Amino acid sequence: MSKERKKFRMTLPKSEEDYQSIEEEIHGGEEEHEEEQIQLGGGEDTTVLLLNTIAHTLSHMELDANNLNVAVRELGEKIDSLRETIKTLIKALLYTSMETPEARKKLLKDVLEELLRE
């Protein structure tokens, strides 16, 4: 038989190896065809694929930027809270070193108000 006729002749697979070789032929041909399209420019399909990839990547970047923004805002709030706590602590320490009762009373009032706000 000539190669051309043998090429189109159907053979029945008899073993697992035959099934695997047929599957490799089928999938191998598809991959070559896809590579051909990409190498030749692929037309609109490749352009759409590239645009989808860019859009997908940009959406990930947007999500990361939003997460970063939220984290920075939370960090700012925690720093403000820490600053207020340190101020309260300093006032409490000053209370012990003050000698005049009026100043101690005013400072104690400030410390208690700050503690109640938290």
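All values reported here derive from a predicted model rather than from experimental measurement.

**Describing the pattern of salt bridges**
Item 1. For the coordinates displayed, the defined rule picks out 4 salt bridges.
Item 2. In this structure, Asp80 engages Arg83 in a salt bridge whose closest nitrogen and oxygen atoms are separated by 3.1 Å. Residue Asp80 and its partner Arg83 are located together in helix H3 (residues 43-97), separated by 3 residues, close to a single helical turn.
Item 3. We classify Arg83 as partly exposed; its relative accessible area is 48%.
Item 4. Residues Lys106 and Asp110 are paired through a salt bridge, measuring 3.6 Å at the closest nitrogen-oxygen approach. Taken together, the residues span about one helical turn, with Lys106 and Asp110 both in helix H4 (residues 101-117) at a distance of 4 residues.
Item 5. With a relative accessible area of 23%, Asp110 lands in the partly exposed category.

**A closer look at a nonpolar patch on the surface**
Item 1. On the surface, Leu51, Ile54, Leu58 and Met61 cluster together into a nonpolar patch covering about 410 Å² of accessible area.
Item 2. Topologically, Leu58 is positioned in helix H3.

**Re the side chain of Thr88**
Item 1. Mapped onto the secondary structure, Thr88 falls in helix H3.
Item 2. Given a relative accessible area of 6%, Thr88 falls into the buried group.
Item 3. Within the structure, the side chain of Thr88 is placed 3.0 Å from the backbone oxygen of Glu84, a separation counted as a polar contact.

**Re a negative patch on the surface**
Item 1. A cluster of acidic residues, Glu16, Glu17, Glu23, Glu24 and Glu25, forms a negative patch on the protein surface.
Item 2. Tracing the sequence through the fold places Glu25 in helix H2 (residues 16-39).
Item 3. For Glu25, a relative accessible area of 61% corresponds to the exposed category.

**A word on the side chain of Glu114**
Item 1. Considering the arrangement of structural elements, one finds Glu114 in helix H4.
Item 2. Here the side chain of Glu114 touches Lys91 through a polar contact of 2.6 Å, side chain to side chain.
Item 3. Ignoring anything within four residues of it in the chain, the contact list for Glu114 reads Glu84, Lys87, Thr88 and Lys91.

**Thoughts on H4**
Item 1. Across its 17 residues, H4 extends 24 Å between first and last C-alpha, which sits within 8% of the 24 Å expected from 1.5 Å per residue.
Item 2. The complete set of buried residues in H4 reads Leu107, Val111 and Glu114. Viewed along the axis of H4, the buried residues span an arc of 65 degrees, placing them on a single side of the element. Facing away from the buried side of H4, by more than 90 degrees, are the exposed residues Pro101, Glu102, Lys105, Lys106, Lys109 and Leu116.

**Here's the deal with the confidence of the model for the protein**
Item 1. In this model, the protein carries an average pLDDT of 78, and 75% of its residues clear a pLDDT of 70 or more.
Item 2. Confidence, read as mean pLDDT per element, is least for helix H1 (residues 3-8) in the protein (53) and greatest for H3 (90).

Conventions we followed
Residues numbered from 1 in each chain as written. Predicted model: local features only at pLDDT ≥ 70, side-chain atom pairs only at ≥ 80, totals over all residues. Heavy atoms only, no water. Salt bridge = Lys/Arg side-chain N within 4 Å of Asp/Glu carboxyl O. Helix = DSSP H or I, 4+ residues; strand = E, 2+ residues; numbered from the N terminus. Buried < 20%, exposed > 50% of the residue type's maximum accessible area, 1.4 Å probe, protein only. Patch = residues over 30% accessible without salt bridge, like charges linked within 9 Å, V, L, I, M, F, W, Y side chains within 5 Å. Areas by Shrake-Rupley, 256 points an atom, 1.4 Å probe, with all protein chains shown as cover. Polar contact = N/O pair within 3.5 Å; in protein donor to acceptor, adjacent residues only side chain to side chain. Lys, Arg positive; Asp, Glu negative; His and termini not counted. Charge placed at Lys NZ, Arg CZ, Asp CG, Glu CD. Contact = heavy atoms within 4.5 Å. Expected span 1.5 Å × (residues − 1). Arc of directions from axis to C-beta. pLDDT = per-residue confidence, 0-100.

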